[in-house]
Amino acid sequence: MTVDPASPIRAPFRGVMNLNAATAWVLVVLFCGVRFGLVMLANAGAGFGLVTPVFILMALLPFILLTRAGRQRIGLVRVARPGFLVLAASLAAGLCIALGLVFQALYAGTPGDAFGYVARGYPPVPDDPNGRLIMFGVVAAMSMLFSPIGEELFFRGLIHEGFRTRYGEAGASVLDASTFALVHLSHFGLIWTGIGWSFLPMPALIWAAGMFAAALLFSWARRLTGSLWGAVLTHMVFNLVMTAWIFLVVI
């Protein structure tokens, strides 16, 4: 088989894959399937430590599979327009607060509160203010580190670029946002009640719609700033605001 020396794929993988839609679909099925299952196990009590290696591997994939030119192609370049980060971050914060307000108004104190369900995965929160502040710092740091980097390099990086080759920019944004939203149903929507699994149709729909909108915002931040790091930083702000909402409003 003749391989293209200009391929964005590193030499060991050029004979079996390319940066195209077929590869994107394979990666989606593989990584989203594994992650969905591990998050479900974590919600049932196995612990979220099982999920962390998946985020780490998602972040490493571009460096494992792609050449330097390939990484630049998916957006791993310096932020070209840093001034737009403030706008993107503000929109991410507003979207997260709006989602929190919806769940607070409709489902506060019930299993239908997505933010309350996410909070179940947190370590026990101390009663004293200093301990609570320290716990917030730890949880916020974790939420801003693993998932934003892993998910953005995966969804808005590898997956988006693969989809873009077949479906165009707009189609790729919709598809990567859809897969992002669907995999987040493992975090809420299909919930563990302590004795079994239960699906909450309307709360799940609201949650998935929120995740879909967030993913579109992250794609927009990438285009606005000219870099995948714009999406990462916007995602970090979204997760920080969600953590703050949970500590201030839910628990």
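Definitions and limits used
Residues numbered from 1 in each chain as written. Predicted model: local features only at pLDDT ≥ 70, side-chain atom pairs only at ≥ 80, totals over all residues. Heavy atoms only, no water. Salt bridge = Lys/Arg side-chain N within 4 Å of Asp/Glu carboxyl O. Helix = DSSP H or I, 4+ residues; strand = E, 2+ residues; numbered from the N terminus. Buried < 20%, exposed > 50% of the residue type's maximum accessible area, 1.4 Å probe, protein only. Core = buried A, V, L, I, M, F, W, Y, C linked by side-chain atoms within 4.5 Å. Contact = heavy atoms within 4.5 Å. Expected span 1.5 Å × (residues − 1). Polar contact = N/O pair within 3.5 Å; in protein donor to acceptor, adjacent residues only side chain to side chain. Axes fitted to C-alpha atoms, helices over the stretch in contact; angles between N-to-C directions. Parallel < 35°, antiparallel > 145°, perpendicular 65-115°, else oblique. Left-handed = near helix turned anticlockwise from the far one by under 90°. Nonpolar A, V, L, I, M, F, W, Y, C, P; charged D, E, K, R; others polar. Patch = residues over 30% accessible without salt bridge, like charges linked within 9 Å, V, L, I, M, F, W, Y side chains within 5 Å. Areas by Shrake-Rupley, 256 points an atom, 1.4 Å probe, with all protein chains shown as cover.

Draft legend 1. Focus on the pattern of salt bridges. In the structure shown here, the tally under the stated rule is six salt bridges. In this structure, Glu 152 engages Arg 156 in a salt bridge whose closest nitrogen and oxygen atoms are separated by 2.8 Å. Placement of both Glu 152 and Arg 156 in helix H6 (residues 129-183) is noted, with a separation of four residues, approximately one turn of the helix. The closest approach of N and O atoms between Glu 161 and Arg 164, which form a salt bridge, is 2.6 Å. Placement of both Glu 161 and Arg 164 in helix H6 is noted, with a separation of three residues, approximately one turn of the helix. Using a relative accessible area of 2% as the deciding quantity, one classes Glu 161 as buried. Note on Arg 164: relative accessible area 32%, which makes it partly exposed.

Draft legend 2. A look at the nonpolar core. Phe 103, Phe 115, Phe 154 and Trp 207 are the most contacted members of the largest nonpolar core, which has 67 residues in total. Elements supplying a minimum of two residues to this core: helix H1 (21-46), helix H2 (52-65), helix H4 (84-107), helix H5 (114-119), H6, helix H7 (201-225) and helix H8 (228-250). Considering each element in turn, this core owes the most residues, 13 residues, to H6. Not counting the four nearest positions on each side in its chain, Phe 103 is found in contact with Ala 108, Gly 112, Asp 113, Ala 114, Phe 115, Phe 188, Pro 203, Ile 206 and Trp 207.

Draft legend 3. Looking closely at H8. Here H8 contains 23 residues, and its C-alpha end-to-end distance of 32 Å stays within 8% of the 33 Å for a straight helix at 1.5 Å per residue. Put simply, Ser 227 is the residue that caps the front of H8, since its side-chain oxygen is 3.0 Å from the backbone nitrogen of Trp 229.

Draft legend 4. Representation of the packing of H1 against H2 within the structure. The contact between H1 and H2 brings their axes to 11 Å, and the two run at 160°. With respect to H2, the element H1 is oriented roughly antiparallel. Crossing handedness for the pair H1 and H2: left-handed. Where H1 abuts H2, its residues Leu 27, Phe 31, Val 34, Arg 35 and Leu 38 lie against Val 54, Phe 55, Leu 57, Met 58 and Leu 61. Across the contact of H1 with H2, the residue classes tally to nine nonpolar, no polar and one charged.

Draft legend 5. Structural detail: the packing of H6 against H8. Orientation of H6 relative to H8, taken along the N-to-C sense of each, is 135°, at an axis distance of 7 Å. As the angle between them shows, H6 and H8 are arranged oblique. Considering how the two elements wind past one another, H6 and H8 form a crossing that is right-handed. A class-by-class count of the residues in the contact of H6 with H8 yields 17 nonpolar, six polar and four charged.

Draft legend 6. Layout of a nonpolar patch on the surface. Together, Ile 56, Leu 57, Leu 60, Phe 63 and Ile 64 give the surface a local cluster of nonpolar side chains, amounting to about 400 Å² of exposed area. With respect to the helices and strands, the residue Ile 56 is situated in helix H2. On the accessibility criterion, Ile 56 (39% relative accessible area) is partly exposed.

All we've got here are geometric facts, nothing functional implied.
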